[in-house]
Amino acid sequence: MSGSVRVGVVGTGMIGQDHIRRITQVLSGADVTAVTDLSADLAQQVAAGLKDATVHATGQDVIGNENVDAVLVTSWGPTHEEYVLAGIAAGKPVFCEKPLATTQRACRNIIDAEVAAGRRLVQVGFMRRYDDAYRGLKNVIEAGTIGAPLMYYSGHRNPGVPDSYTTDMAIVDTAVHDFDVARWLLAEEFTGVQVLAPRRNRHGGDLQDPLLMILETTSGVLVSVETSVNIRYGYDIRGEVVGEDGTAALADRGQVVLRRGGTASGAVPQDWRERFIDAYDSELQDWINAVSAGAGATGPSSWDGYAAQVVCDAAVDALHSGERVAVDLIEKPAIYAGGQHP
Ligand code: NAP
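Residues numbered from 1 in each chain as written. Predicted model: local features only at pLDDT ≥ 70, side-chain atom pairs only at ≥ 80, totals over all residues. Heavy atoms only, no water.

Asker: Any chance you could explain the overall build of the chain here in plain terms?
Answerer: Looking only at helices and strands, the chain features 9 helices and 15 strands. The C-alpha radius of gyration computed for the chain amounts to 20 Å, which stays within 12% of the reference 20 Å derived for 342 residues, consistent with globular compactness. Taking the principal axes of its C-alpha atoms as reference, the chain extends roughly 55 × 55 × 40 Å. Contacts in the chain between residues far apart in sequence, at least 24 positions, make up 72% of those at least 6 positions apart. Of the roughly 14800 Å² that the chain leaves accessible, carbon and sulfur atoms contribute 51%. (Helix = DSSP H or I, 4+ residues; strand = E, 2+ residues; numbered from the N terminus. Rg over C-alpha atoms; globule rule 2.2 N^0.38 Å. Contact = heavy atoms within 4.5 Å. Areas by Shrake-Rupley, 256 points an atom, 1.4 Å probe, with all protein chains shown as cover.)

Asker: Where do I start with helix α7 (residues 167-186) in this structure?
Answerer: Because each turn of an α-helix spans 3.6 residues, side chains separated by three or four positions end up pointing in the same direction. The terminal C-alpha atoms of α7, which comprises 20 residues, lie 27 Å apart, in line with the 28 Å expected from a rise of 1.5 Å per residue. When you tally the buried positions in α7, you get 16 out of 20 residues, the bulk of the element. (Expected span 1.5 Å × (residues − 1). Buried < 20%, exposed > 50% of the residue type's maximum accessible area, 1.4 Å probe, protein only.)

Asker: When you look at the environment of Trp303 in this model, what are you seeing that I'm missing?
Answerer: As for its position among the elements, Trp303 is in helix α9 (residues 302-321). Sequence separation between Trp303 and Arg108 is 195 residues; the distance between their C-alpha atoms is 8.6 Å. Among all residues touching Trp303, those that are not within four sequence positions of it are Ile111, Arg183, Glu189, Leu329, Ile330, Glu331, Lys332, Pro333 and Tyr336.

Asker: What should I look at first to understand the pairing of strand β7 (residues 149-157) in this one?
Answerer: Both faces of the sheet carry side chains from a regular strand, because those side chains alternate between them. Pairing between β7 and strand β11 (residues 236-243): 8 bridges, direction antiparallel. Looking across to β11, one finds that Tyr152 is bridged to Val241. Note that β7 and strand β10 (residues 222-228) share 7 bridges and pair parallel. Opposite Arg157, over in β10, you have Ser228 as the bridge partner. (Pairing = 2+ DSSP bridges.)

Asker: When you look at the packing of aromatic side chains in this model, what are you seeing that I'm missing?
Answerer: Geometry of an aromatic ring pair is reported as the spacing of the ring centres plus the angle between the planes. This model, assessed by the stated rule, comprises 4 aromatic pairs. With 5.8 Å between their ring centres and 65° between their planes, Phe95 and Trp287 make a pair best called edge-to-face. With Phe95 in strand β5 (residues 94-96) and Trp287 in helix α8 (residues 272-292), this residue pair connects regions lying 192 residues apart in the sequence. This pair shows no difference in class: Phe95 is buried, exactly as Trp287 is. In this arrangement the basic side chain of Arg273 is found over the ring face of Trp272, its NZ or CZ atom lying 4.5 Å from the centre. (Phe/Tyr/Trp six-rings, centres within 6.5 Å; stacked < 30°, edge-to-face > 60°. Lys NZ or Arg CZ within 6 Å of the ring centre and 35° of its normal.)

Asker: Explanation requested: the site of the ligand in the structure shown.
Answerer: Taken together, 22 residues lie near the ligand, and Met14, Ile15, Asp37, Tyr83 and Tyr280 sit nearest. A distance of 2.9 Å separates a nitrogen atom of the ligand from a polar side-chain atom of Glu97. A distance of 3.3 Å separates an oxygen atom of the ligand from a polar atom in the side chain of His177. Broken down by secondary-structure element, the contributors of at least two residues to the shell around the ligand are α1 (14-26), α4 (80-89) and α8. Residues of the shell around the ligand, tallied by class, amount to 10 nonpolar, 9 polar and 3 charged. (Near = heavy atom within 4 Å. Polar contact = N/O pair within 3.5 Å; in protein donor to acceptor, adjacent residues only side chain to side chain. Nonpolar A, V, L, I, M, F, W, Y, C, P; charged D, E, K, R; others polar.)

Asker: I keep staring at the nonpolar core and nothing clicks. Help me out?
Answerer: A general feature of soluble globular proteins is that nonpolar side chains tend to end up buried together. Of all hydrophobic cores here, the largest spans 77 residues; its most connected members are Tyr152 and Phe179. A total of 12 residues in this core trace back to one element, the largest contributor, which is α9. Counting residues in each nonpolar core, the second largest holds 21 residues, with Val35, Val46, Leu50 and Ile288 among its members. (Core = buried A, V, L, I, M, F, W, Y, C linked by side-chain atoms within 4.5 Å.)

Asker: I would appreciate a short explanation of unusual backbone geometry in the present structure.
Answerer: The general pattern is negative phi for most residues beyond glycine and trans for most peptide bonds. A cis amide bond links Lys98 with the next residue in sequence, Pro99, at an omega value of 0°. Its identity is not glycine, yet Ala187 carries a phi of approximately 50°, on the positive side. With a relative accessible area of 45%, Ala187 lands in the partly exposed category. The residue Arg232 is not glycine, and still its phi comes out positive at about 70°. Its place among the elements puts Arg232 in the loop between β10 and β11. On the accessibility criterion, Arg232 (45% relative accessible area) is partly exposed.

Asker: In this structure, what is going on with the UniProt feature "domain: Gfo/Idh/MocA-like oxidoreductase N-terminal" (unreviewed entry) in the chain? I would like to understand it.
Answerer: The sites that carry the UniProt feature "domain: Gfo/Idh/MocA-like oxidoreductase N-terminal" (unreviewed entry) are, in the present numbering, residues 5-126. End C-alpha atoms of residues 5-126 are separated by 21 Å, and the span's content is 43% helix alongside 20% strand. (UniProt positions renumbered as here; feature names shortened; annotations may be inferred.)

Asker: Can you help me understand the side chain of Glu216 in this one?
Answerer: Within the fold, Glu216 resides in strand β9 (residues 211-217). Classification of Glu216 as buried rests on a relative accessible area of 19%. Separated by 2.8 Å, the side chains of Glu216 and Arg324 make a polar contact. Excluding anything up to four places from it in sequence, Glu216 contacts Glu189, Phe190, Thr191, Gly192, Val221, Leu222 and Arg324.

Asker: Explanation requested: the sheet that holds strand β4 (residues 70-73) in the structure shown.
Answerer: Sheet strands pair via backbone hydrogen bonds, and the direction of the pair is either parallel or antiparallel. Judged by pairing direction, the sheet is parallel, and its 6 strands sit side by side in the order β3-β2-β1-β4-β5-β6 without closing on themselves. Pairing within the sheet leaves two strands with one partner each, and these edge strands are β3 (54-55) and β6 (122-124). The sheet contact formed by strand β1 (residues 5-10) and strand β2 (residues 30-36) spans 6 bridges and is parallel. Bridge pairing links Val9 to Val35 in β2.

See below:
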């Protein structure tokens, strides 16, 4: 493709605006040329801050627009399937924020459409794969420095959540990132999940918070995922692999340790934007580069979006039943083989 990638944005809410900011102010090789939102006023307001973006009534109008080469889907999760399918039908690469879709059936419809198109056109917004600390951890695992991985612990801690947050959201909105990054780090799929509910945090009201999930992979690695979403002290992302010969843990991002007055301390990020700001930049630049090179998409795939949805559904069932629930995936189509995917 010659010149800048012309991006159409479906959904100009919080993350849509943040991605527009990075495309127009931080990254290179792309412009935003068309936007839409359920709120026409919001779309107008966002477009007013852009050089030459047109405002459209629907996502379908944006995707079909002749000034749009590629589509950024940042609307509500339940609307993703429709817009991702429309992008594939138009032969336009799509960056879809997680979730790829909110049901396994919808994810499979997207996979079927991509397979029929004969190539990958979709990247899903699993940005942790672009974080330096996670990349370092993956390099250590792949180099064999600590031997074969046996266990992996993934901690996901938020200072607090809005009143609208439900216990299921701790799985489908929060732990979904831990599921994806564990699949990617270990280059394996999950086979089953149990969810344990410890004593509740008094700050969580009716929420079952924290949760402890135990997942198994195909080779027998045990993965524990902790969600603590009312932990007050900060947004803290932990990860540690126990291998045969040693352990490897995520380093804190850009950390300075201060020693003063008899204590040693370091700052903890206050939210996910601060913790993963570089990873969001890097995932979107990677997508722009792939689109520019005519590669369609190279990052986290529709398969990854589907696999994450299957794990989330199983974990929600396990939460409500108290039982171990199997993770059953369909056979992986050949277009998703290789690359950075398990
Ligand atoms: P948000 O602030 O509510 O923004 C979503 C926007 O999409 C809203 O303005 C909404 O309009 C609009 N919208 C809904 N349905 C639409 C449709 N059919 N066509 C056009 N616009 C539509 O939500 P958000 O926090 O930005 O989240 C958006 C997506 O990004 C979600 O899937 C979320 O899970 C994902 N996300 C991912 C990460 C990450 O870490 N990767 C972080 C944050 C969000 P109304 O408000 O008028 O309904």
